[in-house]
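# Descriptive structure summary
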Amino acid sequence: MISVQSSYAQQNNTSTSTMSNTNAEQEIINLSKQKWIWMADKNVDSLNVLFDEKSVFVHMGGSWGKTHELDVIKSGMIWYKKAEIYSVSVNIFDNTAILLNDIDLLAVVGGNEVTNPFMVTEVYLKENSKWKMGSLTFSHLMRPVKMNK
């Protein structure tokens, strides 16, 4: 992770062509932060626009597509109350962006409040000048939770 962040810092100082990548990286970071807010607010209308029709979601308890994820959020089956982000990295390959977030997630799952440390992988695809989410994967980390409730 440190080498990714280090190379990111080096890219900021290189050339104008890299600046467009840096702008795109920041756009993805901002979109990801906004997504966590929409998830916490159960704003399924905005999430519906963000999630690609063929998007996939991988959780500790299973994996599913867009419609089920929106239903899970809307019903409160999983309420993503707060994501505390500790680090973020973005790699862009043509029209595909892969973002990694090291987070603690405070959520209500099946009526129980839980906090888990995750590395979240988000894959975005650029179509018609707009980024759409293609995948969201939660990988449980072995580190202790850092978040203060």
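Nothing here was measured: the structure is a model prediction, and the numbers come from that model.

Moving on to the pattern of salt bridges. Applying the stated criterion across every chain, the model contains 6 salt bridges. A salt bridge links Asp-102 to Arg-143, with the shortest nitrogen-to-oxygen separation between them at 2.8 Å. Here Arg-143 lies in the segment after strand E6 (130–140) and Asp-102 lies in strand E4 (residues 96–109), a separation of 41 residues in the sequence. The pair formed by Asp-102 and Arg-143 is uniform in burial state, with each residue classed as buried. In this structure, the salt-bridge partner of Arg-143 is Asp-104, at a minimum N-O distance of 2.8 Å. You can see Arg-143 sitting in the segment after E6 and its partner Asp-104 sitting in strand E4, a full 39 residues away along the chain.

We now examine the confidence of the model for the protein chain. Summing up the model confidence of the protein chain, the mean pLDDT is 87 and the portion of residues at 70 or higher is 85%. Mean pLDDT in the protein chain bottoms out at helix H1 (residues 2–11), which sits at 35, and peaks at helix H3 (residues 44–50), which reaches 98. For the stretch residues 1–20, pLDDT sits under 50, and the model shows 14 contacts to residues farther than four places along the chain or on other chains.

Summed over all chains, the structure comprises 4 aromatic pairs. Judged by centre distance (6.2 Å) and plane angle (65°), the ring pair of Trp-36 and Phe-138 falls under edge-to-face. Of this pair, Trp-36 sits in helix H2 (residues 16–40) while Phe-138 sits in strand E6; the two residues are 102 residues apart in sequence, bridging distant segments of the chain. Judged by relative accessible area, which is 6%, Trp-36 ranks as buried.

Here we take up the environment of Ser-63. Within the secondary structure layout, Ser-63 lies in strand E2 (residues 62–65). You can call Ser-63 exposed: its relative accessible area is 55%. Each C-alpha atom, one on Ser-63 and one on Thr-137, is 8.8 Å from the other, the two residues being 74 residues apart in sequence. Every residue in contact with Ser-63, bar those within four places of it in the chain, is listed here: Phe-57 and Val-58.

Attention now goes to the sheet that holds strand E3 (residues 78–93). In any sheet, the strands associate via hydrogen bonds between backbone groups, in a parallel or an antiparallel arrangement. Taken together, the 6 strands give an open sheet; going across it, the order is E2-E1-E6-E5-E4-E3, and neighbouring strands pair in mixed fashion. Sheet topology places E2 and E3 at the edges, where each strand pairs with a single neighbour. Across the sheet, the mean angle separating the axes of adjacent strands is 20° when strand polarity is ignored. The strands touched by helix H4 (residues 66–75) within the sheet are strand E1 (51–59), E2 and E3, with E1 carrying the most contacts at an inclination of about 65°.

Sheet topology note: the E3/E4 ladder contains 14 bridges and is antiparallel. By the bridge assignment for E4, Ala-83 is matched with Leu-105. Hairpin connection between E3 and E4: a loop of 2 residues separates the two successive antiparallel strands, and Asp-94 in this loop has a positive phi of roughly 55°.

To continue, consider unusual backbone geometry. At Lys-42, a position not held by glycine, the phi torsion is positive, near 55°. By secondary structure assignment, the location of Lys-42 is in the loop between H2 and H3. Residue classification places Lys-42 among the partly exposed residues on the basis of a relative accessible area of 33%.

Here we take up the environment of Glu-25. Mapped onto the elements of the fold, Glu-25 is located in helix H2. Residue Glu-25 is classed as buried on the basis of its relative accessible area of 5%. Sequence separation of Glu-25 and Ala-97 is 72 residues, and the distance between their C-alpha atoms is 8.0 Å.

Reading the values: the criteria
Every residue gets a number counted from 1 within its own chain, in the order that chain's sequence is written. With the structure being a predicted model, the display of local features is reserved for residues of pLDDT at least 70 and the display and counting of side-chain atom pairs for 80 or more, all residues being used for whole-chain, interface and lining totals. Side-chain metrics in this entry use all non-hydrogen atoms of the structure; hydrogen atoms and water are not considered. Put simply, a salt bridge is a Lys or Arg side-chain nitrogen that is within 4 Å of an Asp or Glu carboxyl oxygen. Under the DSSP-based scheme used, a helix requires at least four consecutive residues in state H or I and a strand at least two consecutive residues in state E, with every element numbered from the N terminus. The buried label applies to any residue whose accessible area, calculated with a 1.4 Å probe on protein chains only, is under 20% of its type's maximum; exposed applies above 50%, and partly exposed to all values in between. Per-residue confidence from the prediction method is given by pLDDT, with values spanning 0 to 100. The contact rule is simple, with two residues in contact once any of their heavy atoms fall within 4.5 Å. Two rings belonging to Phe, Tyr or Trp (six-membered ring only in the last case) form a pair when the distance between their centres is within 6.5 Å. Interplanar angles under 30 degrees mark stacking, angles over 60 mark edge-to-face geometry, and anything in between is tilted. Two strands pair under a simple rule: DSSP has to find at least two bridges between them. Only C-alpha atoms enter the line fits that serve as axes; for helices the fit covers just the stretch in contact. Angles between N-to-C directions range over 0 to 180 degrees.

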